[in-house]
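Structural overview for review
Listed here are the chains, written in short residue letters.
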Protein chains: 2
Amino acid sequence: MTQDEPSLTLPPNYTFRKLKLTDYSNNYLETLRVLTTVGNIEEHSFANLFRIWEENSNIYQPHVITNPEGVVVATGMLLVEAKLIHECGKVGHIEDISVAIDEQGKKLGNYMVKSLSTLAKSYGCYKVILDCSPHNVGFYEKCGFKNDGVEMVQRF
Amino acid sequence: MTQDEPSLTLPPNYTFRKLKLTDYSNNYLETLRVLTTVGNIEEHSFANLFRIWEENSNIYQPHVITNPEGVVVATGMLLVEAKLIHECGKVGHIEDISVAIDEQGKKLGNYMVKSLSTLAKSYGCYKVILDCSPHNVGFYEKCGFKNDGVEMVQRF
């Protein structure tokens, strides 16, 4: 348990919740653009992906944090992988953590990561993992994570 | 493309294929024990997990390599994640690569990783990623991967 964990709460009237279909027009894509390239995603494409995530909700757990106006200001995905190793154990993968630029400094990213970790534990995961760039290691250490290896990539 | 890729083939009468239900009693678990703890997994537990993987075959792609006797001697999982970012892009996660100890030195691990990468590309993934320990970086570089970040973990 990290030292700031006991007191970690959201600012007043901010909410952590599952992604909704209506978040397409509620700053979800714009918040993800802080993290990386999103591209031009039309509403039907979002709806199709949302349906895939919903139909596989034992695997995909997309979440958001909304501000007092109900607008999405942080994103995060928990992917729950069913493995054979470790007695048919499950591993949680945390993906696509992003916080709107004008909402940074409120520990929303920290809250998102810890909430997804708690969710992974409730799903019976024996561990939760994520990949990050070296300059984000300190942030994830504050979230209760430690360095465990190297991420390798092949791009197509 | 790495320099050994054009000539990479399996030894004679070795086969790369999808995992089968009957691999429970065909050295699949024993091969995974080379990698990590597997535990005591009864046949019905394996069958249940196999069913989950089959029912979600757009996400889970477990594969094996068998030797001339048809026995499993290498394992590997491709997990295909449907994302929103990168124009509703897909990311392949390579997991649980293991090679039976008495079959090592035949480049079976290399063949497995490259085959799963090719499979990820055929699924439309824009990249394939994996996590490894620092001493395996050289092996994955030979498979066409490069270091892209840090793996962080929280264990429960």
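Residues numbered from 1 in each chain as written. Chains lettered and ligands numbered in written order. Predicted model: local features only at pLDDT ≥ 70, side-chain atom pairs only at ≥ 80, totals over all residues. Heavy atoms only, no water.

Some remarks on helix α2 (residues 43-55) of chain B
Counted only if it meets this: Counting from the N terminus, the helices are the DSSP runs of H or I reaching at least four residues and the strands are the DSSP runs of E reaching at least two. Helices are assigned an expected span. That span is 1.5 Å times one less than the residue count. The classification of residues rests on relative accessible area computed with a 1.4 Å probe and restricted to protein chains. Under 20% of the type maximum is buried, over 50% is exposed, and intermediate values are partly exposed. In this context, the arc is that of the directions from the helix axis out to the C-beta atoms. We call two residues in contact whenever any of their non-hydrogen atoms come within 4.5 Å of each other.
In this model α2(B) runs 18 Å from its N-terminal to its C-terminal C-alpha over 13 residues, within 8% of the 18 Å that 1.5 Å per residue would give. If you check which residues of α2(B) are buried, you get B:Phe46, B:Leu49, B:Phe50 and B:Trp53. The buried residues of α2(B) occupy an angular sector of 105 degrees when projected down its axis, which confines them to one face. α2(B) presents B:His44 and B:Glu55 as exposed residues on the side facing more than 90 degrees away from its buried surface. Where α2(B) is buried, its residues contact β3 (72-82) and α3 (85-88) of chain A together with α1 (28-32), β2 (60-66) and β3 (72-82) of chain B.

Some thoughts on the nonpolar core
What counts here: What is meant by a nonpolar core is a set of buried Ala, Val, Leu, Ile, Met, Phe, Trp, Tyr and Cys residues, joined one to another through side-chain atoms within 4.5 Å.
A:Tyr28, A:Trp53, A:Leu84, B:Tyr28, B:Phe46, B:Trp53 and B:Leu84 are the most contacted members of the largest nonpolar core, which has 47 residues in total. With near-sequence residues (within four places) excluded, A:Tyr28 lies in contact with A:Leu19, A:Asp23, A:Phe46, A:Trp53, A:Val64, A:Val72, A:Thr75 and B:Leu84.

Overview of the relation of the copies chain A and chain B
Threshold: Superposition of the copies was done by least squares, using only C-alpha atoms of residues whose pLDDT is at least 70 in both.
Of the two same-sequence chains, chain A is brought onto chain B (RMSD 0.0 Å, axial shift 0.0 Å) by a rotation of 180 degrees. On the angle and the small slide along the axis, the relation comes out as a two-fold axis. Minimal C-alpha separation from the rotation axis in chain A is found for A:Val150, amounting to 2.4 Å. Taken as a fraction of all interface residues of chain A, those also at the interface in chain B reach 100%, which identifies the copy contact as same-surface.

Description of the sheet that holds strand β6 (residues 146-155) of chain A
Quick reminder of the rule: Note on pairing: two strands pair once DSSP finds at least 2 bridges between them. Note on geometry: axes are C-alpha line fits, over the in-contact stretch for helices, and angles between N-to-C directions span 0 to 180 degrees.
Taken together, the 12 strands give an open sheet; going across it, the order is β1(A)-β2(A)-β3(A)-β4(A)-β5(A)-β6(B)-β6(A)-β5(B)-β4(B)-β3(B)-β2(B)-β1(B), and neighbouring strands pair in mixed fashion. One side of each edge strand has no neighbouring strand; the edge strands of this open sheet are β1 (15-18) of chain A together with β1 (15-18) of chain B. Across the sheet, the mean angle from the axis of one strand to that of its neighbour is 25 degrees, orientation sign disregarded. Two elements, β1(B) and β2(B), share four bridges in a ladder whose sense is antiparallel. Residue pairing for β2(B): B:Lys18 is matched across the bridge by B:His63. Each of β1, β2 (60-66) and β3 of chain A together with β3 of chain B touches helix α2 (residues 43-55) of chain A; the most contacted strand, β2(A), lies at about 115 degrees to it.

Function cannot be read off these values alone, since they describe shape.
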